[in-house]
Amino acid sequence: MSRRPTIVAGNWKMHKTLPEGEAFLQAFLPRLASRKGTGCQVVLAPNFTLLAAMRDPCRAAGVGLAAQNCHPEARGAFTGEVAVGMLAAAGATHVLVGHSERRHLFHEDDDFLRRKVQAVLAGGLTPIFCVGETLEERTAGQATAVVGRQLRAGLRDVASPAGIIIAYEPVWAIGTGKTATTADAQQMHAFIRQILGELLPAGGAGMPVLYGGSVKPGNAAELLAAPEVDGVLVGGASLEPEDFLQIVAAGDRAAAQV
Ligand code: PEP
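Residues numbered from 1 in each chain as written. Predicted model: local features only at pLDDT ≥ 70, side-chain atom pairs only at ≥ 80, totals over all residues. Heavy atoms only, no water.

Visitor: An account of the overall build of the protein chain is needed here, citing residue identities and associated values.
Guide: Counting its secondary structure elements, the protein chain contains 10 helices and eight strands. The C-alpha atoms of the protein chain give 17 Å as radius of gyration, which agrees with the globular expectation for 258 residues (18 Å, within 12%). For the protein chain, the spread of C-alpha atoms along the three principal axes comes to 45 × 45 × 35 Å. For the protein chain, with 258 residues in total, the buried portion stands at 53%. Counting contacts in the protein chain only where the partners sit at least 6 residues apart, residues at least 24 apart contribute 70% of the total. Looking at the protein chain as shown, the accessible area adds up to about 11,400 Å², and 55% of this sits on carbon and sulfur atoms. Averaging the locations of the 23 positively and 24 negatively charged side chains of the protein chain gives two centres separated by 4 Å. (Helix = DSSP H or I, 4+ residues; strand = E, 2+ residues; numbered from the N terminus. Rg over C-alpha atoms; globule rule 2.2 N^0.38 Å. Buried < 20%, exposed > 50% of the residue type's maximum accessible area, 1.4 Å probe, protein only. Contact = heavy atoms within 4.5 Å. Areas by Shrake-Rupley, 256 points an atom, 1.4 Å probe, with all protein chains shown as cover. Lys, Arg positive; Asp, Glu negative; His and termini not counted. Charge placed at Lys NZ, Arg CZ, Asp CG, Glu CD.)

Now the structure itself:
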């Protein structure tokens, strides 16, 4: 039995205007408040423009608020970028680092992401550090080598596992409707835990490892039942309150088993 928290996080990507985000919360938060027991931890990752408006309602509801990106520097001539201190002041509690869309569409490399992890930790926020292989890499039998490299590089300067979340998101499963089988997810999560054991004090104990990639109301419970899957990072299915509530309910059931 794991003592790691169960986490259900929603990544809204570049979706929702401010009124749309507020409408989501109006539908979502009262239903969330009606849950019984302690349940899973819920985190929402809206775009930057929604953070400040979502801060108070999310804080009151015990919902974490994640930024989707940050710059590793604290300030300076980096037009279009946002520093961790700015995100914290706007209400962010978490920051996604290394999402596959950042790695592949915006060419962010391992060392840049290592610097972001450090900046998020230095700013007192929780990085949700994303790793995952492409289809080509999986087909070539390189999935574990790639994920191992991403973890070793990104966590190289991390002194303590406290306050870090890992998300395993196979690139071929993100936004495609294809999901890793529970057995595949379990196998990769066990591998990730082995790497964390090598890299971090106390073997990275307590560090949650989430699965992401086309998680839906229909497959969340099965994925969350895998012993090494501590939660889910949900893209498309987090945009509709009803779908996301169903995934949170699956997270609550998984949390009750921990
Ligand atoms: C994501 O954006 O992290 C993600 C997993 O997206 P989706 O659930 O839509 O595949």
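Visitor: Lay out the site of the ligand in plain terms, naming residues and giving numbers.
Guide: Neighbouring the ligand are 14 residues; Lys13, Glu169, Gly175, Ser214 and Gly235 lie closest to it. Here Lys13 contributes a side-chain N or O atom positioned 2.8 Å from an oxygen atom of the ligand. Side-chain polar atom of Glu169 to an oxygen atom of the ligand: 2.7 Å apart, as the coordinates give it. In isolation the ligand offers 290 Å² of accessible surface; the protein chains occlude 97% of this area. (Near = heavy atom within 4 Å. Polar contact = N/O pair within 3.5 Å; in protein donor to acceptor, adjacent residues only side chain to side chain.)

Visitor: Run through unusual backbone geometry, naming residues and quoting values.
Guide: Excluding glycine, most residues fall at negative phi; most peptide bonds, likewise, are trans. Positive phi is not limited to glycine here, since Lys16 has a value of about 80°. In this structure, Ala202 takes a positive phi of about 55° despite not being glycine.

Visitor: I'd like a rundown of the pairing of strand S8 (residues 231–234), residues and numbers included.
Guide: Neither face of S8 is open: one carries Gly231 and Leu233, the other Val232 and Val234, and all of them are buried. Of the strand pairs in this sheet, strand S1 (residues 7–11) and S8 are connected by four bridges, and their pairing is parallel. Following the sheet pairing, Val8 is matched in S8 by Val232. Summarising the sheet, strand S7 (residues 209–212) and S8 pair through three bridges and their orientation is parallel. Among the inter-strand pairings, Tyr211 is bridged to a residue of S8, identified as Val232. What joins S7 to S8 is helix H9 (residues 220–225), and the crossover it makes is right-handed. (Pairing = 2+ DSSP bridges. Right-handed = clockwise from strand over helix to strand, strands pointing away.)

Visitor: So, the nonpolar core: which residues are in play, and what are the values?
Guide: Phe28, Ile166 and Ile192 are the most contacted members of the largest nonpolar core, which totals 69 residues. With seven residues, helix H10 (residues 241–257) is the single largest residue contributor to this core. Those residues in contact with Phe28 that sit more than four places away from it in its chain are Val42, Leu44, Pro241, Phe244, Leu245 and Val248. Val43, Cys130, Ile165 and Leu233 belong to the second largest nonpolar core, which has 12 residues in total. (Core = buried A, V, L, I, M, F, W, Y, C linked by side-chain atoms within 4.5 Å.)

Visitor: Would you mind going over H10 in detail, with residue names and values included?
Guide: The terminal C-alpha atoms of H10, which comprises 17 residues, lie 24 Å apart, in line with the 24 Å expected from a rise of 1.5 Å per residue. Burial in H10 covers these residues: Pro241, Phe244, Leu245, Ile247, Val248, Ala250, Gly251, Asp252, Ala254 and Ala255. (Expected span 1.5 Å × (residues − 1).)

Purely geometric stuff here, so don't read any function into it on its own.
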